[in-house]
Amino acid sequence: MSDLFLGIDVGSTTVKVVVVDHSATLHASRYLRAQGRPSATLLQALHELGQECDLSQIAGIGLTGSGGERIAQQIGGRHVNELVAQTRAVSAFHPEARTVIEIGGQDSKYLALEWDEAQGKLVLQDFSMNTVCAAGTGSFLDQQAERLGIAIEGEFGDLAAQSQNPARIAGRCTVFAKSDMIHLQQKATPLPDILAGLCLALARNFKGVISKSKAFTPPILFQGGVAYNQGVVRAFETVLGLAPGELIIPQRNELMAAIGTALITIDAAGEAAPVFRGFAALEELVHEEESNHRPLPALSSCSFALPVYDTRTAFERRPEPADQEPEIASTPLPVYLGIDVGSISTNLALIDEQGQVVARRYLSTAGQPLEAVRRGLHELSVEVGDRVAVQGVGTTGSGRYLTADYVGGDVVRNEITAQVRAAVAVDPSVDTIFEIGGQDSKYVRVSHGTVVDFTMNNACAAGTGSFLEEQAERLNLDVTTEFSALALGAAHPTGLGERCTVFMESDVIHHQQQGADLDQLTAGLAYAIAENYLHRVVNNRPIGKKIFFQGGVAWNQSVVAAFQNLLNRPVIVPPHHDVTGAIGVALLAREALDERRRAGEPVETRFKGFDLSAREYETTTFECRACPNLCEVNKIVIVGEAPIFYGARCDIFEEVGKRPHQTSQINQIPDLLAERAALLLGDYTPPTGPRSGRLRVGIPRALTTFDFFAYWRTFFAALDVEIVLSEPTNPQIVRATLEHAAVESCLPAKLLYGHALDLEAKGVDVILLPSLIDREEAALGQRESHTCTFIAAAPYLVRTHMSRTIKTPLIVTSLHMRDEPTRLRELREMAIQIGIAPEGVAAADAAAIAAHREFYAALRRRGAEVLADLDESQPAVVLVGRSYNIADLELCQDLPYKLRKLGVLPIPFDFLPLDRINIAHHYPNICAPSGAAVIASGLIIRDDPRLNAIYITNFCCNPDAFFSGFFRQILGEKPFLELELDEHAADAGLITRCEAFLDSLKLIKGVLA
Amino acid sequence: MITVTNDHPRTIYFPGISDHFKATAAAYRAYGQDAVALPLTSRESLALGMQVSRGYECLSFVITLGDLFLGSRQPGFDPTRAALYVPDLTTKCVAVNFGARHREILREHGLGAVKILTPVAGNNFEGLGTTHALIGDLSWAGIVAVDMLIQIQQIIRPYELEPGAADATYQRELSRVVAATESGSINAIIAALEVSASEFAAIPQDRSQIRPRIVLVGEYLLYNSYLNLDLVRQMERLGGEVEVNRYYKMFYGLHLGILERARALNNEAAYHQVLADNTHLREIEHRVIEPVKHLLTGRQIYAPPNEVLRNYAKPYYEPEISNGGVDWAEALNMVEHGASAVLQLVPFLCLGSIISAAMGSQVRHEVGGVPWLDVVFDSQGGTNIRTRLEAFMHQAAQFQRSGARPRPHQPTIPLALGGRPHPPVATGV
């Protein structure tokens, strides 16, 4: 028997093997990508190591990692827990370490270690890992690198390290971060800034979600494959406040778990151990087909006769004018250009005046939308440029505004309207459209050519093409060829999760490790996307009889088959289904320009010509500091043109000649949110100049402050106390929140952390965090009137979590606002705590209650005025939801401004006479004022044909799962838009939803550039 | 409040969340009301619930719905003669909205004739007819008895010498307790538990090596092996012994919240009413536990008094806000009584459990740094949790070996009604 021990780490994406002796000397090692075949990869590693060492006389074998236990059982090795193995290795090589960050392919781990004198080694004091979510893991960066076409090893980190201005990317979840990245690409943000932003998102995600804001006690080790990425190292240094080089990267850091496993195997050499059965058993495992999956019906089990459309003449033909001259070959053919810039693909289509497709392109966006557009124009020019004359240009897709500016677009329309236009052109009887693209999924219901309902994926990539591409890549398959063929041949598709991309990814790994075959998995993934789409996007909406399946994913016959199996009805893939968005917007451009011609307006396209492809442009990014929003703005300079600024939430840069008519349109529409803010803030101005000796109380501009600030400013003014509000929510506050909020709640509740930190920085004497247990009824007929559990609990959580970080006293006061004696007692206790005499509290409270009531009375009065003046010429939308969503412009992504920009009047729902509505007849059991307000507003909106609704909610808002359901019931056939908001920063999806919704209501007539 | 009508006799269906509902159903049958406990929630019923709901409501909402939909497929199910039991335990929880939404969904799926039975805990379930107090007491005794069977099963199983003996005994004794409940007598339940005690005690065990005891908290998911990811057995396989938080303690938690509110509002009538109810339930609890208390090795015999949890919670949190939000205090109290680690199961989007997880994972540092692990259940199963459970078990064993015991932070807070003292500002947390 030799002195050599094997430590094997079978991870989700890689296999690591080390050969170690008693003195912890590393004799040999292998680090191989598993490509979904962990057992075969391990065999390969062992075969290679066998060339360097004599493995026949190994003294012991230990296995760790997500796939380690199964193999240990099969071959007779010792199974070692990964975290325990990591601890052992760190104890051997870096006993000074107290915190370990470990980021591998699918797993991330945080370890807190302490030295145990009795045992003479480090022990595991605390830990946390990612669960079924892959956020904060290496696979996230792998995916993005693949998407951007850059090498994850070396190039990614090198480029990220060059960034001077990292982009802002949400970090709560892989999917959201990915969405942000795509939208940044479409705004032409420089690549190094995007990569650095991704690294920062990963680091912040690790700190906030994986370590759950646990302490990072130095010295800190960073290990796992991702530790080689310099961009991530730099991001951790930034996020953890470390000096460059302070983060310790152990040598061979990617092998630490394998080494620790070997050392534990050595430690236990004298103990009873499993009997090694040899590696032949591993060979058996490779070929074994055991899988405990629940099989689904074969994809080929369901087929239907489908209509056939002629690909050349599919799109509507208009009768040719009777007096048309015979076509002369030398006369350029009048055509309309449609451009659809999406996350994965950029599509261009030229249609003639009869709606026939003259030429088309389906190109990869590859992270550079303008490059893709330029290439597409160049290719079209080569193909038909000398034979056509472009009469008009329409742009759509999430990069539509940028593209319109770049190419000289005439019509900018949202993707939904464009997709529907194309579908109806193919077959006017279509009643349902599934559209699945790279990052977006859409469902549209059509009746007689009109959109009557639609929805999009809610900032979630479940059921989109990008997931399929990533999974195919992980399985080493070509998604366009092998994937579908394999899937359609599977007799027993694997049943996978159906909720979220990340869960599905975890399930695939799990089933792989259980031995599921590629054909079973691919078929299972086809089902999974279809199920995800139906459950998460369509979500109980009606599905008609003539279903069109559009978008790039419709190329995949296995997904078409999965839909047919699940729905038991035909699913039709129309001609040019992959470029229907481009065709649709070309048709829309043709119609819009025709209409202007008919109206006698001079019509000349703004198209800058195909030769645009030869012109250079430069992109730089800066942070606009004109307001606390701190938008990231891209400045694009095309040679010979005025610069284009893109990415700002307001129109501050549009004075450079862009859409001036919209500014005047906005000015004619009342800004009721600004009026609400003015009423709420009253005479409050932040104290300036030297301190006067008065007590200064900080109040977070979050949660109930958006309802009760009139109360607080009056209360403290009466007590001669200065108050300071935290800044309006801004990116720094969001960032600080994500780094410190150790709780899985809705974003508004989390934001209390960031606002408390902002107040600490302002140097106030105390920070007041009122916990409102109850408050006045919002409508008549409520059973009780409690504030949301989480809103009441958030101040207590902030105090418990932050009292080490925030040195300013955090005063949490429970307040029963509905009961005066109790309220007064609680306020007096609070007054004593913050150091003011309690005697004046009663009078201050009386004045404050009066101010609070007057605030709401003023809202109602103004609301009544607005409703009295409202006529059909002014489209109006009521913003329904909690005031901390509607009135916090960062949280709602300045939705009111965007609506006004579209010519629509946004009305906050507390401007409606909610307090006069009795909800008891409909819902007698409502105990939450927020729910009562939602129901009351629903009753008003339902009965007023002038009013429509946008319901604003947050991810993780459990009460809204019920209240929005009630709202839907009340509104019945009247459609409303539900927007789920959170730290997801990009705003293109929001505009698309609003435009499509307003389009479907015929409230707006499209946006002309 | 009761919403079931007396138009004609109906069968009350109880969701399959736990075996406790078998006792509750038996208590109803004892008084002539037809009642059925639906089979324990399974993958199939949960999938059905997800299908008909929006998918992001509270998990217990989805479970209740799925159980009923699965039950409705059974032969003989008549929606016009069925009622679904959806108790309204606290107005602070989103569960107060379940009934209305359940009704809407049942209607949308052709089950609109099913009535929703919504007894209200806040008024001690008044409205269940003239026998509500008797049904309530009998049901309560049955629930406590089922909790005892679960406790003893989990005390014995890790040490049994004949694998499966504790499980088999549990199933037999559960039937005995349910039958005793259906007989309509609390004394019969107590007598049944006397037999159960003997049966469990007769199981051969080897207790020469006492395992680290893991506290498991997490509301309604704790008593169904599918819903709790089989965590009890998983921890036992990894070398632990599990102490699941008793189901009946949830009602004391509700009382604590109501008492706190009454105290804050100086509402003497409500305070004394709830205190009287609480005392009454505790008397029954003590009677029922008597025959088995010798088997509760190393554990607290009875639920701790309200004041104990209040004193744990108050320096950090207001118990009135949510009873689920003080699970962490329950858990740390159990650690004080010999447990070595806390496993918090968090039903996806359950506000109370999210609060408890966030508080507990911080406050544990104040009380000896006891190992604490959160596991979120979101209907996707437990992929990847094995690694965390192993490491957690490793920590629990470390904690047990170290002999460390928490140092509970227990400031003296007067319990008199009214005149609430200033909540102290937490320091050094």
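Residues numbered from 1 in each chain as written. Chains lettered and ligands numbered in written order. Predicted model: local features only at pLDDT ≥ 70, side-chain atom pairs only at ≥ 80, totals over all residues.

## A closer look at the sheet that holds strand 9 (residues 220-223) of chain A
Residue and element names in this part refer to chain A.
Next up, step 1: The four strands are arranged 8-7-6-9 in an open sheet whose pairing can be described as mixed. Of all the strands in the sheet, the pair left with one neighbour each is strand 8 (121-129) and strand 9. Taking the axes of each pair of neighbouring strands and ignoring which way they run, one obtains an average angle of 20° across the sheet.
Next up, step 2: One ladder, built from five bridges, connects strand 6 (residues 99-103) with strand 7 (residues 108-116); its direction is antiparallel. Within strand 7, the residue paired with Val100 across the bridge is Leu111.
Next up, step 3: The strands that helix 3 (residues 82-93) touches are strand 6, strand 7, strand 8 and strand 9; relative to strand 8, the one it contacts most, it runs at about 140°. (Pairing = 2+ DSSP bridges. Helix = DSSP H or I, 4+ residues; strand = E, 2+ residues; numbered from the N terminus. Axes fitted to C-alpha atoms, helices over the stretch in contact; angles between N-to-C directions. Contact = placed C-beta atoms within 7 Å.)

## What to know about the interface of chain B and chain A
Next up, step 1: At the interface, 52 residues of chain B touch 62 residues of chain A.
Next up, step 2: When contributions to the side of chain B that touches chain A are tallied by element, the ones reaching two or more residues are helix 4 (98-108), helix 13 (351-363) and helix 14 (385-402) of chain B.
Next up, step 3: When residues of the side of chain B that touches chain A are assigned to their parent elements, the largest contribution, nine residues, is made by helix 13 of chain B.
Next up, step 4: Considered class by class, the residues forming the side of chain B that touches chain A number 24 nonpolar, 19 polar and nine charged. (Nonpolar A, V, L, I, M, F, W, Y, C, P; charged D, E, K, R; others polar.)

## A word on the confidence of the model for chain A
Residues and elements named next belong to chain A.
Next up, step 1: Per-residue confidence for chain A averages 84 on the pLDDT scale, and 86% of its residues sit at or above 70.
Next up, step 2: Confidence over residues 289-293 falls short of pLDDT 50; this stretch has 13 contacts with residues more than four positions distant or in other chains.
Next up, step 3: In the predicted structure, residues 654-662 sits below a pLDDT of 50 and forms eight contacts with residues beyond four places in sequence or in another chain. (pLDDT = per-residue confidence, 0-100.)

## A look at the sheet that holds strand 2 (residues 14-20) of chain A
Residue and element names in this part refer to chain A.
Next up, step 1: If you trace the five strands from one edge of the open sheet to the other, you get 3-2-1-4-5, paired in mixed fashion. In this open sheet, the two strands that pair with only one neighbour each are strand 3 (26-33) and strand 5 (78-79).
Next up, step 2: When strand 1 (residues 5-10) meets strand 2, the two strands line up antiparallel, connected through six bridges. Note that in strand 2 the partner of Val10 across the bridge is Val15.

## Points about the packing of helix 22 (residues 705-718) of chain A against helix 27 (residues 841-869) of chain A
Residue and element names in this part refer to chain A.
Next up, step 1: At their nearest, the axes of helix 22 and helix 27 sit 7 Å apart, and the two run at 150° to each other. Classified by the angle their axes make, helix 22 and helix 27 are roughly antiparallel. As helix 22 runs across helix 27, the sense of the crossing is right-handed. Facing Phe708, Ala710, Tyr711, Thr714, Phe715 and Ala718 of helix 22, the residues of helix 27 in contact are Ala843, Ala844, Asp845, Ala847, Ala848, Ile849, Ala851, His852 and Phe855.
Next up, step 2: A breakdown of the residues in the contact of helix 22 with helix 27 according to their chemical character gives 12 nonpolar, two polar and one charged. (Parallel < 35°, antiparallel > 145°, perpendicular 65-115°, else oblique. Left-handed = near helix turned anticlockwise from the far one by under 90°.)

## Comments concerning helix 11 (residues 306-313) of chain B
Next up, step 1: Here helix 11 of chain B has its buried residues at Asn306, Leu309, Asn311, Tyr312 and Ala313 of chain B.
Next up, step 2: Along its buried surface, helix 11 of chain B packs onto helix 9 (249-264), helix 10 (268-289) and helix 12 (327-336) of chain B. (Buried ≥ 20, exposed ≤ 12 C-beta atoms within 10 Å, placed from the backbone.)

## Focus: the pairing of strand 18 (residues 547-550) of chain A
All names here are of chain A.
Next up, step 1: Two elements, strand 15 (residues 432-436) and strand 18, share four bridges in a ladder whose sense is parallel. In the strand pairing of strand 18, Glu435 is matched with Gln550.
Next up, step 2: For the crossover that starts at strand 18, traverses helix 18 (residues 557-567) and ends in the parallel strand 19 (residues 571-572), the hand is right-handed. (Right-handed = clockwise from strand over helix to strand, strands pointing away.)

## Observations concerning the nonpolar core
Next up, step 1: The biggest cluster of nonpolar side chains holds 441 residues, and the ones touching the most others in it are Ile935 of chain A together with Ala145 and Leu216 of chain B.
Next up, step 2: Per-element accounting of this core gives the leading share, 14 residues, to helix 5 (residues 132-156) of chain B.
Next up, step 3: Setting aside chain neighbours within four positions, we find Leu216 of chain B in contact with Leu222, Leu231, Val232, Val242, Glu243, Val244, Asn245, Leu343 and Leu345 of chain B. (Core = buried A, V, L, I, M, F, W, Y, C linked by C-beta atoms within 7 Å.)

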